[in-house]
Amino acid sequence: MSQRLNLFATVLTYAAPSSNYRGESEENRTVLQKITRKNEEYTVISPESMRNALREILAGYELPMNRRRLHDEDQLAVEFKSFPNAEAYADDFLFGYMVADGATMKKEKRPAKRDSVLRMNLAVATSPYRFDATFHQSPLNAGASPWKNATTSALLHREVNHTAYQYPFALSIEDCLKAKEGKAWTKALLRAIGELSNVAGGHARAYFEMAPRSIVARLSPRLVAGFDTYGFDAEGKFAELARIHADDLPGREMWIGGEIVRGMKAEEKERLKKEGARLFENPQVLLEKIGAAAFGEA
C-alpha cells in the first residue's frame, strides 16, 4: 500500500457507570461534563484526558517519554526531561507540544511547537444523561488523628451516568513516518488504544475502560473518514455499515471489529466480506492488523 494513507476510526466502549466523585463537598462539587445533542444532555470525556492515559500506557511500554506526571505537588503538575524533541521522545512525536519561549527553542534548533500526529475528539456518551445522582458521606477525621482535612463530615453529591462512550481518532500515516522510530511508536500507540483505561486524570478513583468494545475504521488515501464518526447508537449498532458497497464506501478500505462483528448476522458478514471489508471479532487484533497494513506490512 502507498504510505500516503490516512487512518480514521470510531471506537465504542462498553457501558458502565461514570461519575464525578472526587471527594468534594456539596458546596464545591464538580459535575459531569456535558454537551447538548438532539436536545438532550450527553456526558463527555475530553481528548486531553484520553491522551494523558495513552501517555501513561506508552510509558509503561517503556517507550522514551519526555513528560511525566508529578503527584506530590499542590496542584496538577508535569515535569519534562528536556526541551521537546520529536526524534528522541515518543510523546513529543505523537502528541505534539508548544513551548512559549521560542527564542530558547531556536537556540536548540528545534521548532517551538509541533502538531499532534494523533488527532482525537471528545468521547460522547451514547445514552443521554438522566440526572441520576447518589449521595454519600465522607466521615469526620476525629479523635487522636494527627491530621484533619475538615472540621465536620461532608455530604457528597455524585452525578452518575450509565453509558458507553464513542470517540473518533485519526492518523496520517505519512506523518507517522516523519521520525526514525515513528512507525514503531505509532504501532505501540494503536496497541495502547486497544488497552485504553485509567482515563480521568491523577485523581481518578473509578474503573472505567475506554478500550474498544467495537470499532469501525477506514484506511484510505482520502482526507476524511467519509462516514459518521459518531455513528454508534445506544445499542452499539452502526447504521452506516449499510453504505459499504460499490457506489458508496469502498469495502476494501473498511475495517470492522469487536462486538459489532460477533453479533452480526451471517448474511451481513458475507455481504461485507464480498465488498472487501475486513472483519475481526477481536478489536485489539483489528488494531494490530490495520497498523501493519498502514505501513505496508500486510
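The coordinates are above.
Criteria and thresholds
- Residues numbered from 1 in each chain as written.
- Predicted model: local features only at pLDDT ≥ 70, side-chain atom pairs only at ≥ 80, totals over all residues.
- Heavy atoms only, no water.
- Helix = DSSP H or I, 4+ residues; strand = E, 2+ residues; numbered from the N terminus.
- Buried < 20%, exposed > 50% of the residue type's maximum accessible area, 1.4 Å probe, protein only.
- Contact = heavy atoms within 4.5 Å.
- Areas by Shrake-Rupley, 256 points an atom, 1.4 Å probe, with all protein chains shown as cover.
- Lys, Arg positive; Asp, Glu negative; His and termini not counted.
- Charge placed at Lys NZ, Arg CZ, Asp CG, Glu CD.
- Pairing = 2+ DSSP bridges.
- Axes fitted to C-alpha atoms, helices over the stretch in contact; angles between N-to-C directions.
- Core = buried A, V, L, I, M, F, W, Y, C linked by side-chain atoms within 4.5 Å.
- Salt bridge = Lys/Arg side-chain N within 4 Å of Asp/Glu carboxyl O.
- Expected span 1.5 Å × (residues − 1).

### Examining the overall build of the chain
Then, number 1: A tally of regular secondary structure across the chain gives eight helices and 16 strands.
Then, number 2: Projected onto its principal axes, the C-alpha coordinates of the chain cover approximately 70 × 55 × 30 Å.
Then, number 3: Within the span of the chain, comprising 298 residues, buried residues form 45% of the whole.
Then, number 4: In the chain, 70% of the contacts between residues at least 6 apart in sequence involve partners at least 24 apart.
Then, number 5: When the accessible area of the chain is evaluated, it comes to approximately 16,300 Å², of which 49% is carbon and sulfur surface.
Then, number 6: Of the side-chain charges in the chain, 42 are positive and 40 negative, and the distance between the mean point of each set is 3 Å.

### Some points on the sheet that holds strand 2 (residues 16-19)
Then, number 1: Strand order across the open sheet formed by three strands is 2-12-11, with antiparallel pairing between neighbours. Strands with a single pairing partner mark the edges of an open sheet, and in this sheet they are strand 2 and strand 11 (132-138). With direction set aside, neighbouring strand axes in the sheet form an average angle of 35°.

### As for the nonpolar core
Then, number 1: Leu58, Tyr167, Phe169 and Met210 are the most contacted members of the largest nonpolar core, which totals 55 residues.
Then, number 2: The greatest single-element share of this core, amounting to six residues, is contributed by helix 5 (residues 182-194).
Then, number 3: With 20 residues, the next largest nonpolar core counts Val216, Phe232, Ile256 and Met264 among its residues.

### What about the environment of Ala144?
Then, number 1: By secondary structure assignment, the location of Ala144 is in the loop between strand 11 and strand 12 (154-163).
Then, number 2: Since its relative accessible area comes to 78%, Ala144 is described here as exposed.
Then, number 3: Considered as a pair, Ala144 and Ser19 are 125 residues apart in the sequence and their alpha carbons are 33 Å apart.

### With respect to unusual backbone geometry
Then, number 1: The backbone of Lys38 sits at a positive phi, close to 50°, despite the residue not being glycine.
Then, number 2: Along the chain, Lys38 turns up in the loop between strand 3 (34-37) and strand 4 (40-45).
Then, number 3: Notably, Asn39 is not glycine yet its phi reads approximately 65°, a positive angle.
Then, number 4: With respect to the helices, strands and loops of the structure, Asn39 is situated in the loop between strand 3 and strand 4.

### Focus: the pattern of salt bridges
Then, number 1: A full pass over the atoms with the stated rule returns 16 salt bridges.
Then, number 2: The shortest N-O distance in the salt bridge between Glu259 and Arg213 comes to 2.8 Å. Of this pair, Glu259 sits in helix 6 (residues 259-262) while Arg213 is found in the loop between helix 5 and strand 14 (214-220), placing the two residues 46 residues apart along the sequence.
Then, number 3: Of the residues examined, Glu259 reaches a relative accessible area of 28% and is grouped as partly exposed.
Then, number 4: For Arg271, the salt bridge goes to Glu268, with nearest N and O atoms at 3.0 Å. Note that Arg271 and Glu268 are positioned in helix 7 (residues 266-275) at a spacing of three residues, about one turn of the helix.

### Observations concerning helix 5
Then, number 1: Helix length check: helix 5, at 13 residues, gives a terminal C-alpha distance of 18 Å against a target of 18 Å (1.5 Å per residue), a fit within 8%.
Then, number 2: Within helix 5, burial applies to Gly182, Trp185, Thr186, Ala188, Leu189, Leu190, Ala192, Ile193 and Gly194.
Then, number 3: Residues of helix 5 that are buried make contact with strand 1 (6-12), helix 1 (47-60), helix 2 (90-95), strand 13 (165-172), helix 4 (173-176) and helix 8 (283-294).

### Some thoughts on the pairing of strand 4
Then, number 1: Pairing of strand 3 with strand 4 involves four bridges; the strand directions are antiparallel. Looking across to strand 4, one finds that Arg37 is bridged to Glu40.
Then, number 2: Hairpin connection from strand 3 to strand 4: two residues lie between these consecutive antiparallel strands, with Lys38 at a positive phi of about 50°.
Then, number 3: Both strand 4 and strand 10 (residues 123-125) contribute to a ladder of two bridges, which runs antiparallel. Looking across to strand 10, one finds that Ile45 is bridged to Ala123.

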